[in-house]
Every structure is written in structure tokens, then in C-alpha cells.
There are 2 protein chains.
Amino acid sequence: MDLLIVGSVAVDSIETPFGRADNVLGGSATYASIAASYFASPGIVGVVGDDFARKHINLLKKRGVDLEGLQIEPGGKTFHWSGYYEGDMNQAHSRSTCLNVFESFHPRLPERYRRAPFVLLGNIHPALQLEVLEQMKSPRLILCDTMNLWIETEPKLLEEVFRRVDIVCINDSEAGQFCGTSSIPQAADRLLRLGLRRVIIKRGSHGVSIFGRHSFFSLPAVPLPEVKDPTGAGDSFAGGFIGRMARSRTINENAFRRGLAAGTVMASFCVEDFSCRKTADLTNQEINDRAAALKKSVRLPLIGLI
Amino acid sequence: MDLLIVGSVAVDSIETPFGRADNVLGGSATYASIAASYFASPGIVGVVGDDFARKHINLLKKRGVDLEGLQIEPGGKTFHWSGYYEGDMNQAHSRSTCLNVFESFHPRLPERYRRAPFVLLGNIHPALQLEVLEQMKSPRLILCDTMNLWIETEPKLLEEVFRRVDIVCINDSEAGQFCGTSSIPQAADRLLRLGLRRVIIKRGSHGVSIFGRHSFFSLPAVPLPEVKDPTGAGDSFAGGFIGRMARSRTINENAFRRGLAAGTVMASFCVEDFSCRKTADLTNQEINDRAAALKKSVRLPLIGLI
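All of these numbers come straight from a predicted model, not from anything done at the bench.

*Asks:* A description of the overall build of chain A should follow, citing residues and the corresponding values.
*Replies:* Helix and strand counts for chain A come out as ten helices and 13 strands. A globule of 306 residues ought to have a C-alpha radius of gyration of about 19 Å, and chain A, at 18 Å, matches this closely. Its C-alpha atoms give chain A principal-axis dimensions of about 70 × 40 × 35 Å. For chain A, the proportion of contacts with a sequence separation of at least 24, taken over those separated by at least 6, is 63%.

And the structure:
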């Protein structure tokens, strides 16, 4: 276990223009840990009810995800999200959000989790993200994911989290919202001033950028003819990124760039099918092939313009 | 003269959150030819009234733009556009559009223009774009730019133009509109099926992609802390792209990629000030420096993910 992932573990019912999937495996920690499992040995901290299907547990175990930190509440019901997407599927519409056991969740880290060198604070309430940080013993790199809900309801608390992590991963519109500017470079700059080492700006189907105080790197999304279900794309990105980081000997700009590529590749697989169907069942060859295609798609043979 | 550029030559009055500029040089052919002038020898075909200020003529001449094809209508008034941008400046709002001499414009190509190997059909009515094509003698590469107005009002005519050119340059939303899909890869595919060699999709501040039947390349926009005036960014991109192509010995994927970089660099300079103030007054060093920074921002040091 070299990578701690905290987030939701859920059961989703999803409808998109391409079909529907009911009671499938979902949640930020689920998507992230499955994506990370190709690069590192993730362990998750989260909670489910005892209604959580055995096949879901088995799928995570098969991917080598350490489940010691997954609390199973006797008599409790697992977090269930039901929602749908329309048109270009840029926005998720919730039909119902039953937090169930997640409502009173507090992350309790098993002793050996506390020394994990890499940490992903998945998209959960910033108060819970802080609780995780309190329990950690000098991790090497902490990535924090978040969403518009916490920016709107808990901006102060979220800022406190941002001040205590290394990298923040955030949507372009959310970054603008948090920083009060419509300029992405300006938003990235303001976030970096909180003491962050890097800021990752997700641009949806336009790709992703990583900003440092003196660095900038950008990747396009993998161009897919068909996106079936965007659920979990951001979590798969975060998982792929931090998983690839955990594999790097040195934490430097090159490692960040490889991480961005790994995240981009895992997010692209994620949206090709519902739930974790695609990401849970990949070969190393498939991942490397797509990474190679991605590298090819940004190769700039530039030697002087004039 | 190795590059023919057809489009509007105009006088603009522009207001943005960063200030205003009245009666400044504008128009698609103007922006494009100035951007192209650092890489090639462009000549423009367009029309102005005899009210067109001498200083505008001098600026174009100073940039080496061939003006034999610029018709000056005695007693006529130059095309004048007045507009403003708000907030994130993603959309131009027109206050007034006085076509003036441009209303009855028909492109007449001087004899030596007809053999230009490279052609940019700037953003004008597709019927006029077709008139230009009728007068050309076997050009090597034709790039066609357009806008939502023509997609809405002249889709059939526009499709005819697309069938007769090599590359189309179009916004992401316009591509979706023209092809009836919200998926950019799908839109690019449908456009390529018209017989195009490449399709360039402009993604605004998210960058630009070029799709071929078996190729895909993408570049981010240069991250700028301040965008003063987005007017002419698309035209500067198109001019930089086709200008750089005119400089290439061979028309292949590498040349297209260098073209995309040149266009990206010129568009980034364009938006840093009102009108052509910045693009008209650059050094080769400034352009090469920004191109080098752009190249650095996409360098992916990937050697195997797993």
C-alpha cells in the first residue's frame, strides 16, 4: 500500500443518451482506486452498508485495492446516486442522492495507511479531507480533488485544505468560481499563491493543464468517437495521475507530466462504458498503446518558426 | 507574393473590460495578412473606401503586404464594425455593422495573384469564397475560415466551399452546429468525409486541434495572464498557420503541426492588445521565443506508463 485514497464508495443508477445502468459500482474512491491500481498499490478509506454487493468487493480486490480502510456499517445502506446526462453530457443531473451511511462518515485510517507516501483526497466534504490530513504521517505528495458544491458551501474550509496539500485538481469553471476570475491562468496563479506546488485544471473534452509557478504543461483529451457515460472521468483522471506519481522515483516536472498522461488515458477509458466496466478490465498493453497515441498527438516537430 | 488572402478590411471600434479603441484597423484579411507576413509574402484581396486612413495602408505596406488586390472605391466608405465584449470576452456583441463598400464587394484577383500557391479564404460570404476559387490556377493548399453566420444562413453554399478546399478552420461550437453533433471528434470526422485533407478545430482559450483521417494533433493556447481584446484572434491564427505552411517545402503532417504552432503564437500576441497593435510590431525573436515556450509546454517525457 503506497497510495491512500479517500472518497466515496457508492452504487449508481445512470442514464445517458447511450443507455442506462442500474445499481452499478460508483463513487470517487472506487473510480480513483481502480484507475490507480495499474500503476500503484492503492488502499481506500470509505464506508459502505452491508447491502454492498459482494461482486463489487471482489472487483476491487481483483484490482489489488487494499480494503482494510473500507468501513462496512452493519445494517447500513450504501450511498446511492441516481442521475442522468443529456445532449453533450457536459453536466450531470441528479435524480436522487441518498447519502445513507456516508452521511455520518468519518475517515478512520488503519495504522499502516498513515504512513502512505502518496495521498488522494477524493471529492468529499473538506472537513473530512482535513480529518484525513490530521491522521497522516508526513506523506510525500498529497493531491486534493473537489467540486462546485464545496466551493459554494465551504469556501473557507476548502481554502484551508488547499493550503495544506501539494496539488489541487479542479475543473476550469470551478477554478474560476473559487478565484473569482474567468481567466484560467489568473485562477491558477491565485491558487498557486496559497502555497500549492502545482494546480491541475481539468478542461473536460478539451483536455487538462498543469500549472506551476514557473511551468505550464497541457494535454488534449483522447479524441473518442463515442462517449457513453462521463461519470467518474474526473476521479479516474485523479487516480491515474496520483497512481503514476507513486510509481515515480523523483517528484519533479517530468513525473507530473507523465502523471497527467496517465490520468488522461485512464479518464478516456472510463467514459467509453458505464461505471468502471472498462477501467476495471484493461491490459497493460491497452494502457501503453493509448499513452503512446497520446504522446504522438502532442509531438511538435518545431525547429524555428521564422 | 506566395500567399493570397481574401477577406474583409475594416475599421473597428471596440470596447472590452480593459478599455476601448475607436476607428482602429480591423478585418479578417488585415489580421490574417499581418500575422502571415512574418512567415510569407501575403497579398490581400479586399475593398475599402477612400476614407481609409493612409496610416492603415502604411502599416500594411510596412509589413510587406502586397496591396495590388485591395480595391479602393472612390467616394465609398470603409466597412465599419463597432462592438464590445463583457466578462470572459468569449462572445463579441455587435453595436453596429456598417458594411458600406463591402456590401457590393466582389473579389477581383490581379493576374499574378491567380498563381499564388497558398490561399486563405478569410471569413466572408461563401459565395465570395467560391468566386475566388474560380479565379485561382491550381494552388497547392487552400485554407477556408468561416463563422456561425454563414453556417446558419448559407449551409449548402458553405458545404460546396468545403468540398473544394484542403483545410477548414472552424470553432468547436460552429463545427458541432454545422455537423449536427456535440462531439468534436464526430464533427471532425464528418467534415473530413467532405474530402478535406485536414480539419482545424479552434477551442478558444483551450487551444486548437487538427484532425486528419489518420492523424490528430492538439496544442494548448498560450496561457496569458491578461487578454485585452480577442478581436482578430481567429484571423491571426489562420494567417499564422497558412503563412507558416507557405514557408514549408513539403506539405505534410509535420508542416501542419508547425503551422498550428505558428497560428497559436500569432493569436496569442493578437489578444494582448487592441487591434493589430501587437501583431504589427513584433520581432522574429519574440515569435521564436514564444514558439519555444509553447513547444516546452507540450513536451511529454513519456517512456512507458506501466
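*Asks:* Tell me about helix α6 (residues 172-179) of chain A, and name the residues and values.
*Replies:* All names here are of chain A. Buried residues of α6: Glu174, Ala175, Gly176, Phe178 and Cys179, and no others. Those residues of α6 hidden inside the fold are in contact with α4 (148-153), α5 (155-164), β10 (167-171), α7 (184-192) and β11 (198-202). Positioned one or two residues after α6, Gly180 has a phi angle of 65°, which is positive.

*Asks:* Any chance you could break down the layout of surface pockets for me, citing the residues and the numbers?
*Replies:* In this structure, the second largest pocket spans a volume of roughly 500 Å³. Lining the second largest pocket are 23 residues, with A:Pro223, B:Gly212, B:His214, B:Ser215 and B:Phe216 positioned closest to its centre. Sorting the residues of the lining of the second largest pocket by element identifies α10 (284-296) of chain A together with α7 (184-192) and α9 (253-270) of chain B as the ones contributing at least two each. Split by residue class, the lining of the second largest pocket holds twelve nonpolar, four polar and seven charged.

*Asks:* Let's hear about the sheet that holds strand β11 (residues 198-202) of chain B: which residues, and what values?
*Replies:* All names here are of chain B. Pairing is mixed in the open sheet, where nine strands are placed in the order β5-β4-β1-β8-β9-β10-β11-β12-β13. With partners counted over all chains shown, the strands left at the sheet margins are β5 (70-73) and β13 (216-219), one partner each. Each neighbouring strand pair of the sheet contributes to a mean axis angle of 15°, computed without reference to strand direction. In this structure, strand β1 (residues 3-6) lies alongside strand β4 (residues 42-49), joined through four bridges in parallel fashion. When the sheet's bridge partners are listed, Leu3 is paired in β4 with Pro42.

*Asks:* Can you explain helix α1 (residues 28-36) of chain B? Please cite residues and give values.
*Replies:* Taking burial as the measure, the nine residues of α1(B) include nine buried ones, the bulk of the element. Of all the residues in α1(B), the buried ones are B:Ser28, B:Ala29, B:Thr30, B:Tyr31, B:Ala32, B:Ser33, B:Ile34, B:Ala35 and B:Ala36.

*Asks:* Break down the environment of A:Val45 for me, citing the residues and quoting the values.
*Replies:* All names here are of chain A. Residue position: Val45 is located in strand β4 (residues 42-49). Along the primary structure Val45 and Val6 are separated by 39 residues, whereas in three dimensions their C-alpha atoms are 4.8 Å apart. Beyond its immediate sequence surroundings of up to four residues, Val45 is in contact with Leu4, Ile5, Val6, Gly7, Gly69, Phe105, Pro107, Arg108, Leu109, Pro110 and Tyr113.

*Asks:* Give a description of the relation of the copies chain B and chain A that names residues and reports values.
*Replies:* Superposition record for chain B on chain A: RMSD 0.0 Å, screw rotation 180°, translation along axis 0.0 Å. In symmetry terms, the pair is related by a two-fold rotation axis. Of the residues that chain B buries at the interface, 100% are likewise interface residues in chain A, meaning the two copies contact each other through the same surface.

*Asks:* Break down the sheet that holds strand β5 (residues 70-73) of chain A for me, citing the residues and quoting the values.
*Replies:* Strand-to-strand pairing in sheets goes through backbone hydrogen bonds, with the strands running parallel or antiparallel. Residues and elements named next belong to chain A. Within the open sheet, the nine strands sit side by side as β5-β4-β1-β8-β9-β10-β11-β12-β13. Their pairing is mixed. For this open sheet the edge positions go to β5 and β13 (216-219), each flanked by a neighbour on one side alone. Ignoring which end each strand starts from, the neighbouring axes of this sheet average 15° apart. Pairing of strand β1 (residues 3-6) with strand β8 (residues 118-121) involves four bridges; the strand directions are parallel. Residue pairing across strands places Leu3 opposite Phe118, the latter belonging to β8. Sheet strands touched by helix α9 (residues 253-270): β9 (141-145), β10, β11, β12 (208-211) and β13. Its angle to β13, the strand with the most contacts, is close to 20°.

*Asks:* Outline the packing of helix α1 (residues 28-36) of chain A against helix α8 (residues 233-246) of chain A, listing residues and values.
*Replies:* All names here are of chain A. Two elements in contact, α1 and α8, have axes separated by 7 Å at closest approach and are oriented at 40°. It follows from the interaxial angle that α1 and α8 lie oblique. As α1 runs across α8, the sense of the crossing is right-handed. Residues Ser28, Tyr31, Ala32, Ala35 and Ala36 of α1 pack against Asp235, Ser236, Gly239, Gly240 and Gly243 of α8.

*Asks:* Go over the interface of chain B and chain A, please, and point to the residues and values.
*Replies:* Listed as interface residues are 46 residues of chain B and, on the opposing side, 46 residues of chain A. Of the roughly 4200 Å² buried at the junction of chain B and chain A (both faces included), carbon and sulfur atoms supply 60%. Here chain B and chain A share zero salt bridges between them. Here chain B and chain A share 16 residue pairs in polar contact (both at pLDDT 80 or more) between them. Those elements that place two or more of their residues in the side of chain B that touches chain A are α7, β13, α8 (233-247), α9 and α10 (284-296) of chain B. Along the lines of polarity and charge, the residues of the side of chain B that touches chain A split into 24 nonpolar, twelve polar and ten charged.

Calculation criteria
Residues numbered from 1 in each chain as written. Chains lettered and ligands numbered in written order. Predicted model: local features only at pLDDT ≥ 70, side-chain atom pairs only at ≥ 80, totals over all residues. Heavy atoms only, no water. Helix = DSSP H or I, 4+ residues; strand = E, 2+ residues; numbered from the N terminus. Rg over C-alpha atoms; globule rule 2.2 N^0.38 Å. Contact = heavy atoms within 4.5 Å. Buried < 20%, exposed > 50% of the residue type's maximum accessible area, 1.4 Å probe, protein only. 1 Å grid on protein atoms, 1.4 Å probe; cavity = no way out; pocket = protein on both sides within 12 Å on 5 of 7 lines; lining within 4 Å. Points joined across faces, edges and corners; volume = space filled by probe spheres on them. Nonpolar A, V, L, I, M, F, W, Y, C, P; charged D, E, K, R; others polar. Pairing = 2+ DSSP bridges. Axes fitted to C-alpha atoms, helices over the stretch in contact; angles between N-to-C directions. Least-squares fit on C-alpha atoms with pLDDT ≥ 70 in both. Parallel < 35°, antiparallel > 145°, perpendicular 65-115°, else oblique. Left-handed = near helix turned anticlockwise from the far one by under 90°. Buried area = accessible area lost by both parts, 1.4 Å probe. Salt bridge = Lys/Arg side-chain N within 4 Å of Asp/Glu carboxyl O. Polar contact = N/O pair within 3.5 Å; in protein donor to acceptor, adjacent residues only side chain to side chain.

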